[in-house]
Amino acid sequence: MPQIQHLVLLKFKPEVLPEKIAELFKQLSELQQLIPGITYYAGGSYSSSEGLNQDYTHGFVMTFESAGARDAYLPHPEHERVKAALLLCLDGVIAFDFEA
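Note that the structure is predicted; figures quoted are calculated from it, not measured.

*Asks:* So what exactly am I meant to see when it comes to the overall build of the protein chain here?
*Replies:* Tallying secondary structure elements over the protein chain gives three helices and four strands in all. Tracing the protein chain from N to C terminus, the helices and strands come up as β-α-β-β-α-α-β. Here the protein chain has a C-alpha radius of gyration of 13 Å; the compact-globule value for 100 residues is 13 Å, and the two agree. Along the longest, intermediate and shortest principal axes, the C-alpha atoms of the protein chain span 40 × 30 × 15 Å. Evaluated residue by residue, the protein chain yields a buried proportion of 34% over its 100 residues. As displayed, the protein chain has an accessible area near 5,900 Å², and 58% of this comes from carbon and sulfur atoms. Seen as two clouds, the 7 positive and the 13 negative side-chain charges of the protein chain have centres 5 Å apart.

*Asks:* Mind showing me how you'd approach helix α3 (residues 77–87) here?
*Replies:* For an α-helix, 3.6 residues make a turn, and residues three or four places apart therefore share a direction. Here α3 has its buried residues at H79, V82 and L86. Seen along its axis, α3 keeps its buried residues to an arc of 75°; they face one direction. Those residues of α3 hidden inside the fold are in contact with β1 (4–12), α1 (18–34), α2 (67–73) and β4 (90–99).

*Asks:* Looking at this model, I keep getting lost on the sheet that holds β1. Mind explaining?
*Replies:* To summarise the sheet geometry, strands pair through backbone hydrogen bonds and adopt either a parallel or an antiparallel arrangement. Read from one edge to the other, the open sheet built from four strands follows the order β2-β3-β1-β4, with strand pairing classed as antiparallel. The open sheet has two free edges, formed respectively by β2 (38–45) and β4, since each of these has just one partner strand. Averaged over all adjacent pairs, the angle separating strand axes in this sheet is 10°, with direction ignored. Where α1 meets the sheet, it contacts β1, β2 and β3 (58–64), and its direction lies at approximately 170° from that of β2.

Conventions and cut-offs
- Numbers given for residues are sequential positions, taken from 1 along each chain in its written order.
- Only residues with pLDDT of 70 or above have their local features reported here, since the model is predicted, and side-chain atom pairs are shown and tallied only from 80 upward, although totals for entire chains, interfaces and linings are computed over all residues.
- The side-chain values count all of the structure's non-hydrogen atoms but skip hydrogen atoms and water molecules.
- Only DSSP runs of H or I reaching four residues or more are called helices, and only runs of E reaching two or more are called strands; each is numbered from the N terminus.
- As defined in this context, the radius of gyration uses C-alpha atoms, and a globule is described by 2.2 Å times the residue total to the power 0.38.
- Residue burial is assigned from relative accessible area. The probe radius is 1.4 Å, only protein chains are included, and a residue is buried under 20% of its type maximum, exposed over 50%, and partly exposed in between.
- Here the Shrake-Rupley method, with its probe set to 1.4 Å, supplies the accessible areas, and only the displayed protein chains count as covering residues.
- Under the counting rule used here, the positive set is Lys and Arg, the negative set is Asp and Glu, and His together with the chain ends is not counted.
- Positions of charges follow a simple convention, taking NZ of Lys, CZ of Arg, CG of Asp or CD of Glu.
- The arc in question is the one spanned by the directions pointing from the helix axis to the C-beta atoms.
- For this analysis, residues touch if any pair of their heavy atoms sits within 4.5 Å.
- When DSSP locates at least two bridges between a pair of strands, those strands are taken to pair.
- In this analysis, axes come from line fits to C-alpha atoms, helices being fitted only over the stretch in contact, and the angle between any two N-to-C directions falls in the range 0 to 180 degrees.

Structure, rendered in structure tokens:
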């Protein structure tokens, strides 16, 4: 059964303070311990000199052990809690899943 890579790009509103962003990323990282089926998490700010980020400032990737684990994560109350907090701070978001 293939793993699922969950790639999310975030465009934070200019007024969101770095401390708030750090807190949100802490909450994202904690989801790996709170929701079964997440095997990997990494996230952070854009760090390339290539300049192809189209004003997206941060991103993260999660690996799910299966499509079923990803499907269980999406409506999970802990995911919904963190997602709601994130959406209040964003001007844009892209979520893209693919099999690995």
